[in-house]
Amino acid sequence: MIPNSYDTLIYYVLTAAFPFQSQNKHAIHFPSIQKITNNRKKYFTFLLYFYIFRCIVQAKHKVFLLSFCTVLLWASAFPLTKVVQEQFTSNPLGFLRCSIAAIFLIIIGKCSHIRIPAKKDIPYFILAGAMGFTGYMIFFNTGIQTLTSATSSIIVALTPILTAIGCAKVYHEKIKTIGWISIATAFIGVLVLLLWDGVFSINVGLIWTMGAALVFFGYNMMSRLLTTKGYTALEIVTYSMIFGALLLGFWSVQGFQQLAASDMSHILALVYLGAFPSAAAYFLWGKAMFFANRTSEVTNFMFVTPLLSTILGFLILREIPNLGTFLGGAIIICSIIVFNLKGK
């Protein structure tokens, strides 16, 4: 078996931990039958790690892994935001969260030697920051005060539909009919999560959260545009986050006052929100966008967020998932699998 370059690299790494003799360094030779018999556990462990690593380094699997990690971090923001809001109000919380994220990203960017944006592109970064961070934090933090985590996450899950439609019009990204059916089916699964107990109700929080979905759709479009201009995912998220934090500076005084009066547990939760669901998640999101052939390959994963937020809500807030969670989650996961296999 002649491996490709990824296979060769992974083979050399794994054989350091699972040494087997090979006469040809350019081919992968597995042990003899006698060695398999004597060292069966080690051999099959090698095979397992080899194929796991091989899948991860391939582009489509990169998109899957990056996208899933992103929505997992974002899902954690729903219950933890409700926890932090016990001592922080909406807009000051948005300022502090974006500022913490900006600090982390500046450090990472400095170590990675990111480029300064061209003057002509600064307005695009300001607009991306205004939508993806300033606007989203204001709408999201205000809306979730009167909504459950499940209700908030279902509205934010509208973003993939908006993004797919927008990219189909602007970037001429084509999605097959079965892809659109998968998107619709996934949204039905999200509705099952929400409507199982018949508790869905229109209130002002719903309107605010719909605004969060709209501005995040705008951020996705701007991120795609900046990618076509040659900016990396780290550059896009760093400068957008900086401008987003600056625009939220109107609430800086209140933010620092509330920070000084908060206990350590809420401060740690705030730092987590800034470092992971904001900084790390948006960076991974941008990376996934970079590797994806179509924006919808990434944004479709947002349909998993309500399921994950429900599970995390149980772990953090002791919310008890019902049968609708499992049924809706199954519909969502199956829809994403169909979309990624047949929808593009």
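Above this text sits the structure in question.
Just so it is clear, the structure is predicted and the values come from calculations on it, not from any experiment.

Caption draft 1: Broad picture of the overall build of the protein chain. In terms of regular secondary structure, the protein chain is built from 16 helices and zero strands. Taking as baseline every contact in the protein chain between residues at least 6 positions apart, the subset at least 24 positions apart corresponds to 86%. Total accessible area on the protein chain is roughly 16700 Å²; 71% of this is exposed by carbon and sulfur atoms.

Caption draft 2: Molecular detail of the packing of helix α6 (residues 122-143) against helix α10 (residues 204-228). The geometry of α6 relative to α10 is characterised by a closest axis approach of 8 Å and an angle of 160 degrees between their N-to-C directions. The angle between α6 and α10 falls in the class roughly antiparallel. Viewed along their axes, α6 and α10 form a crossing whose handedness is left-handed. Each residue belonging to the contact of α6 with α10 can be placed in one class, and the counts come to 18 nonpolar, eight polar and no charged.

Caption draft 3: Layout of the pattern of salt bridges. Per the stated rule, a full pass over the model turns up two salt bridges. Between E235 and R115 there is a salt bridge whose closest N-O contact spans 2.7 Å. Of the two residues, E235 sits in helix α11 (residues 233-247) while R115 sits in the loop between α5 (90-112) and α6, which places them 120 residues apart along the sequence. Across the pair D121 and K229 runs a salt bridge whose closest N-O atoms are separated by 3.7 Å.

Caption draft 4: Region of interest: a nonpolar patch on the surface. Where nonpolar side chains cluster on the molecular surface, the patch consists of I311, F314, L315, I316, L317 and I320 and spans about 510 Å² of accessible area. By secondary structure assignment, the location of F314 is in helix α15 (residues 305-317). Look at F314 and you get partly exposed, because its relative accessible area is 30%.

Caption draft 5: Structural context of helix α8 (residues 159-170). The terminal C-alpha atoms of α8 lie 16 Å apart, and with 12 residues this matches the ideal 16 Å at 1.5 Å per residue to within 8%. Among the residues of α8, those classed as buried are T159, P160, T163, A164, G166 and C167.

Caption draft 6: α10, seen in detail. An ideal rise of 1.5 Å per residue puts 36 Å on 25 residues; α10 measures up with 37 Å between its terminal C-alpha atoms. Where α10 terminates, the next one or two residues include G230, which has phi positive at roughly 95 degrees.

Caption draft 7: Geometry of the packing of α5 against helix α12 (residues 252-261). The contact between α5 and α12 brings their axes to 8 Å, and the two run at 85 degrees. Viewed along their axes, α5 and α12 adopt a mutual orientation that is roughly perpendicular. Residues P92, F95 and L96 of α5 form the contact with α12, whose participating residues are S252, Q254, G255, F256, Q258 and L259. Broken down by class, the residue content of the contact of α5 with α12 amounts to five nonpolar, four polar and no charged.

About the thresholds
- Each chain has its residues counted from 1, following the order in which its sequence is written.
- With pLDDT at 70 or above as the cut-off, local features in this predicted model cover only qualifying residues; side-chain atom pairs require 80 or more to be listed or tallied, and sums for whole chains, interfaces and linings still use all residues.
- The side-chain figures draw on all heavy atoms in the structure; neither hydrogens nor water molecules are used.
- Think of it this way: any DSSP run of H or I at least four residues long counts as a helix, any run of E at least two long counts as a strand, and we number them from the N terminus.
- For this analysis, residues touch if any pair of their heavy atoms sits within 4.5 Å.
- Note on areas: these come from Shrake-Rupley sampling with a 1.4 Å probe, and a residue is covered only by the protein chains present in the view.
- For helices, the fitted line uses only the C-alpha atoms of the stretch in contact; every axis is such a line through C-alpha atoms, and the angle between N-to-C directions lies from 0 to 180 degrees.
- When an angle is under 35 degrees it counts as roughly parallel; over 145 it counts as roughly antiparallel; between 65 and 115 it counts as roughly perpendicular; any other value is oblique.
- Take the far helix as your reference; a near helix turned counterclockwise from it by less than a right angle gives a left-handed crossing, and one turned clockwise gives a right-handed crossing.
- Amino acids are sorted into nonpolar (Ala, Val, Leu, Ile, Met, Phe, Trp, Tyr, Cys and Pro), charged (Asp, Glu, Lys and Arg) and polar (every other residue, Gly among them).
- Salt bridge, as used here, is a side-chain nitrogen of Lys or Arg placed within 4 Å of a carboxyl oxygen of Asp or Glu.
- Patch building starts from residues that exceed 30% relative accessible area and form no salt bridge, then joins like charges within 9 Å and nonpolar side chains (Val, Leu, Ile, Met, Phe, Trp, Tyr) within 5 Å.
- For every residue, the accessible area obtained with a 1.4 Å probe (protein chains only) is divided by the maximum for its type, and the residue is called buried under 20%, exposed over 50%, and partly exposed between those limits.
- An expected span of 1.5 Å times one less than the residue number is assigned to each helix.

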